Each structure stands twice: as C-alpha cells, then as structure tokens.
Amino acid sequence: VQLVESGGGLVQAGGSLRLSCAASGRTFSTYGMAWFRQAPGKEREFVAAISGSGGRTYYADSMKGRFTISRDNAKNTVYLQMNSLKPEDTAVYYCAATSAYYSYVRPDKIGSYDYWGQGTKVTVSS
C-alpha cells in the first residue's frame, strides 16, 4: 500500500490543522493506521492510531483531548484533526499502516507498521 500525507503547513499557536493520509489499494479497511511525528533532532514518536473499522483509537498522552484520529474507508483516507496546537507540536507527521491482525498490534510502536508515507511538515509559530 502507498500512503500520501497532506494538510501540513504553518499555523499559529492555538490554531488547528487537519492532516490527511490517502492510501492506495482496495483493502484499506483491513489496515490499522497511525500517525507518528518527528521533530528536528528528536526520535519519531507515536501520535495516534486507529483500527481498520475505526472502532478502536489510541492516543499519546500529550495529544489526548487535542488531536482526533478518524478514517473514511470509502475514501481510503485517514485523518488527524489537530486543535490547540502548540509550538512543541512542530514536526514532520507521518502516516503508517499495518496489515497485521490488529488485536496483536502494539499501536504505539514504530515496528508494528509495514508501510509509511513521506511525511507532511507542520510548523506551529508562537
């Protein structure tokens, strides 16, 4: 599966952005999806994840209440709605997909994901 992120950009602190990740293929609903991010000089970190049906979602503690992950399987797209953005949210945001049986997946682990997009840059100014 190929993943293409979009929606990044420059936003002021307190603002919002919605990232999109469009996936190729006809079996999108069978993939668990996630967003990770990587700030300059830092390791890639988990942001949020969602099961194939959308029935299960997971968030990093620092994103709970501010970020919402969702998906539209008819459009082969997963979204990340980001509200109340902070300068520390500045990073390249990556979309990832796993074909593994989701009950066995550690959704917050980089190694759980088989496919990655190229990333979209988000810059939050103070």
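That block above? That's the structure.
Residues numbered from 1 in each chain as written. Predicted model: local features only at pLDDT ≥ 70, side-chain atom pairs only at ≥ 80, totals over all residues. Heavy atoms only, no water.

Draft legend 1. Fine view of the packing of aromatic side chains. One pass over the structure, following the stated rule, counts seven aromatic pairs. Between Tyr113 and Trp116, the ring centres sit 6.3 Å apart and the planes meet at 75°, which makes this aromatic pair edge-to-face. Taking the relative accessible area as the measure of exposure, Trp116 reaches 25% and is therefore partly exposed. Following the ring pairs from residue to residue traces out a cluster consisting of Phe36, Phe46, Tyr113 and Trp116. The side chain of Arg44 reaches across the aromatic face of Trp116, ending 5.0 Å from its centre. Above the plane of the ring of Phe28 lies Arg71, whose end atom (NZ or CZ) is 4.3 Å from the centre. (Phe/Tyr/Trp six-rings, centres within 6.5 Å; stacked < 30°, edge-to-face > 60°. Buried < 20%, exposed > 50% of the residue type's maximum accessible area, 1.4 Å probe, protein only. Lys NZ or Arg CZ within 6 Å of the ring centre and 35° of its normal.)

Draft legend 2. Summary view of the state of the cysteines. One pass over the structure, following the stated rule, counts one disulfide. There is a disulfide in this structure between Cys21 and Cys95, and the S-S distance comes to 2.1 Å. Measuring handedness by torsion sign, the sulfur bridge of Cys21 and Cys95 sits at about -80° and is left-handed. Note that Cys21 is positioned in strand E3 (residues 17–23) and Cys95 in strand E9 (residues 91–98), a separation of 74 residues in sequence. Here Cys21 and Cys95 have matching classes, each one buried. (Disulfide = S-S within 2.5 Å. Helix = DSSP H or I, 4+ residues; strand = E, 2+ residues; numbered from the N terminus.)

Draft legend 3. View of the sheet that holds strand E7 (residues 67–72). One open sheet holds the four strands; their spatial order is E1-E3-E8-E7, and the pairing between them is antiparallel. Each having just a single partner strand, strand E1 (3–6) and E7 make up the two edges of the open sheet. Neighbour to neighbour, the strand axes of the sheet diverge by 15° on average, direction disregarded. As paired strands, E1 and E3 are joined by four bridges and run antiparallel to one another. Directly across from Ser6, in E3, lies its bridge partner Ser20. (Pairing = 2+ DSSP bridges. Axes fitted to C-alpha atoms, helices over the stretch in contact; angles between N-to-C directions.)

Draft legend 4. Seen up close, the pairing of strand E11 (residues 120–125). Taking every second residue as pointing to the same face, the buried face of E11 carries Thr120, Val122 and Val124, while none of Lys121, Thr123 and Ser125 on the other face is buried. Judged from the four bridges that link them, strand E2 (residues 9–12) and E11 form a sheet pairing that is parallel. Each residue of the ladder has a partner; that of Val11, found in E11, is Val124. In terms of strand pairing, E9 meets E11 through three bridges, oriented antiparallel. Bridge assignment links Val92 to a residue of E11, and that residue is Lys121.

Draft legend 5. Local environment of the nonpolar core. By size, the foremost hydrophobic cluster in this structure holds 36 residues, and its most contacted members are Met33, Trp35, Val78, Leu80, Met82 and Tyr93. Where this core is concerned, the elements lending two or more residues are E3, strand E4 (32–38), strand E5 (45–50), E7, strand E8 (77–82), E9 and E11. Those residues within four positions of Tyr93 in sequence are excluded, and the remaining contacts are Glu5, Leu19, Trp35, Phe36, Arg37, Val47, Phe67, Leu80, Met82, Gly119, Thr120 and Val122. (Core = buried A, V, L, I, M, F, W, Y, C linked by side-chain atoms within 4.5 Å. Contact = heavy atoms within 4.5 Å.)

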